[in-house]
Amino acid sequence: MAIVLGPNQYGKAEVRVVAVDRSTPQHSLVDLNVSSALRGDFSAAHLTGDNAHVLTTDAQKNTVFAFARDGIASPEAFGIRLATHFAGSYPWISGARVAVESYGWDRITVGGQPHDHAFRRAGAEVRTAVVTADDSRLHVVAGLTDLVVLKTTGSEFWGFPRDAYTTLAETRDRILATAVTARWRYLGTDLDWHGVFDTVRTTMLEAFASTHSLALQQTLHAMGAAVLETVPEVAEVRLSMPNKHHFLQDLSAFGLDNPDVVYHADDRPYGLIEGTVLRDDVPPAEVAWQGTPGFV
Ligand SMILES: O=c1[nH]c(=O)c2[nH]c(=O)[nH]c2[nH]1
């Protein structure tokens with residue numbers, strides 16, 4: 001038996017960089033969490049500790065800060081800049097993946113006016129971009145995590161088989177709530193990144209709201225399909241959607257009725273509905289998805 005070195009990569013994870021634009025009295029800020037990972041011939045470092053091929057993770061971190069000095073146009077553009085730079089930096093580096101998380105900040109309003117330089121975190125939702133430079137091809141997968149949505153009607157769930165352990169009552173009207181985690185792969189690498197992101201996000205929200213849901217699975221498909229119909233630059237959409245159950249609370253112990261008014265929002269367990277919606281005329285690009293956890 002021989003022991004061989006298998007696939008490997010290395011980089012700096014979770015570089016937290018905040019860039020402030022002070023070019024006008026109304027400041028703006030970009031708040032990112034950037035992770036880089038390099039692939040290539042790093043066998044000597046693993047086998048003998050010879051670091052001649054190791055572009056240090058410290059230098060990777062420094063590159064993130066240095067590139068931020070020129071401005072961070074968008075998570076996608078910043079990721080493309082970094083991934084292209086790393087992949088081209090030494091002959092033995094064959095590819096790079098740069099993952100960017102972007103945290104939103106809204107202006108605080110004071111007396112009804114948006115403040116020039118005071119902000120509050122925009123909630124749990126995170127915008128993401130993963131750029132993979134591989135064999136001189138670039139792949140961009142954008143997305144969002146924890147877009148929490150709820151509708152108070154327009155959701156049914158019935159017609160499921162009843163085995164020995166099925167107790168769930170059929171319902172023709174229920175609360176539907178989820179925290180959308182979505183990733184979508186672009187066909188282009190030179191797009192209006194903010195504009196196309198906003199279109200995808202709005203399209204998913206509108207599809208969630210306007211689809212009369214017979215199952216969260218159906219809603220998931222409708223959201224992905226709406227994105228593909230609306231945005232030709234998107235090749236595939238992967239969605240992970242927990243079913244955040246809301247159970248009608250029994251108030252009879254207090255002599256009260258409960259005509260669909262008071263619910264218990266349960267946090268666990270939750271149904272987890274995941275799926276991919278894709279065009280059938282576009283070649284797959286699995287390399288673009290490597291390292292994206294939690295998606296089928
Ligand atoms: O939309 C739903 N899909 C399911 O698969 C499921 N299973 C369940 O218990 N409730 C629901 N709701």
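All chains use their own residue numbering, which begins from 1 and follows the written sequence. Given that the model is predicted, a residue must reach a pLDDT of at least 70 before its local features are reported, and side-chain atom pairs must reach 80 or more before they are shown or counted; all residues, however, enter totals for whole chains, interfaces and linings. Where side-chain values are given, they derive from all heavy atoms of the structure, hydrogens and water being excluded.

With that settled, consider the site of the ligand. For each residue, the test is whether any non-hydrogen atom lies within 4 Å of the molecule or strand; if one does, the residue is near. Close to the ligand lie Phe 157, Leu 168, Arg 174, Ala 215, Leu 216, Gln 217 and Asn 243. Polar contact criterion, stated in full: a pair of N or O atoms within 3.5 Å, where within protein one must be able to donate a hydrogen and the other to accept it, and residues adjacent in sequence count only if both atoms are side-chain atoms. The side chain of Arg 174 places a nitrogen or oxygen atom 2.8 Å from an oxygen atom of the ligand. Contact distances for the ligand include 3.3 Å between a nitrogen atom and a side-chain N or O atom of Asn 243. The fraction of the free accessible surface of the ligand (290 Å²) that becomes covered by protein chains is 70%. Under the convention used here, a 1.4 Å probe and the Shrake-Rupley method define accessible areas, while residue burial counts only the protein chains that appear.

Where the parts come together, the accessible area they lose is often given as the size of the interface. Throughout, the edges of the domains are those of an automatic or database domain assignment. For the protein, the domain assignment lists domain 1 (8–134) and domain 2 (136–296). One C-alpha centre belongs to domain 1, the other to domain 2, and the line joining them spans 28 Å. Two residues form a contact once any of their heavy atoms are found within 4.5 Å. Residue-level contacts link 20 residues of domain 1 with 21 residues of domain 2. The buried area of a pairing is the accessible area, by a 1.4 Å probe, that goes missing from both parts when the two are put together, added over both. In this assembly, domain 1 packs against domain 2 so that about 1,800 Å² is buried in total across both faces, 48% of it on carbon and sulfur atoms. The largest share of the area that domain 1 buries against domain 2 comes from Glu 125, Arg 127 and Asp 134, three residues that together contribute 31% of it. Whenever a carboxyl oxygen of Asp or Glu lies within 4 Å of a side-chain nitrogen of Lys or Arg, that contact is scored as a salt bridge. Applying the counting rule to domain 1 against domain 2 returns one salt bridge. With a shortest N-O distance of 2.7 Å, Glu 125 and Arg 201 are connected by a salt bridge.

The subject of this paragraph is the sheet that holds strand β3 (residues 93–110). Strands are labelled as partners when DSSP assigns at least two bridges between them. Numbering goes from the N terminus for both helices and strands, where a helix is a DSSP run of H or I of at least four residues and a strand is a run of E of at least two. Spatially, the eight strands line up as an open sheet ordered β1-β2-β3-β4-β5-β6-β7-β10, and their pairing is antiparallel. Since the sheet does not close on itself, it has two edges, and those belong to β1 (15–21) and β10 (271–278), each with one partner. Taking each pair of neighbouring strands and ignoring which way they run, the sheet shows an average axis angle of 20°. Pairing between β1 and strand β2 (residues 28–40): seven bridges, direction antiparallel. Counterpart to Val 17 in the pairing with β2 is Leu 32. Helix axes are fitted to C-alpha atoms over the stretch in contact, other axes to C-alpha atoms as well, and angles between N-to-C directions run from 0 to 180 degrees.

Let us look at the UniProt feature "binding site: O2" (unreviewed entry) in the protein. As recorded in UniProt, the sites labelled "binding site: O2" (unreviewed entry) are Thr 57 and Asn 243. In sequence the annotated residues extend across 187 residues, and in space they extend as well, their farthest C-alpha pair lying 38.9 Å apart. Mapping Thr 57 onto the fold places it in helix α2 (residues 57–68). Three labels apply to residues, based on accessible area from a 1.4 Å probe with only protein chains included: buried if under 20% of the type maximum, exposed if over 50%, partly exposed otherwise in between. A relative accessible area of 25% places Thr 57 in the partly exposed class. UniProt positions are given in the numbering used here, feature names are shortened, and annotations may be inferred rather than shown by experiment.

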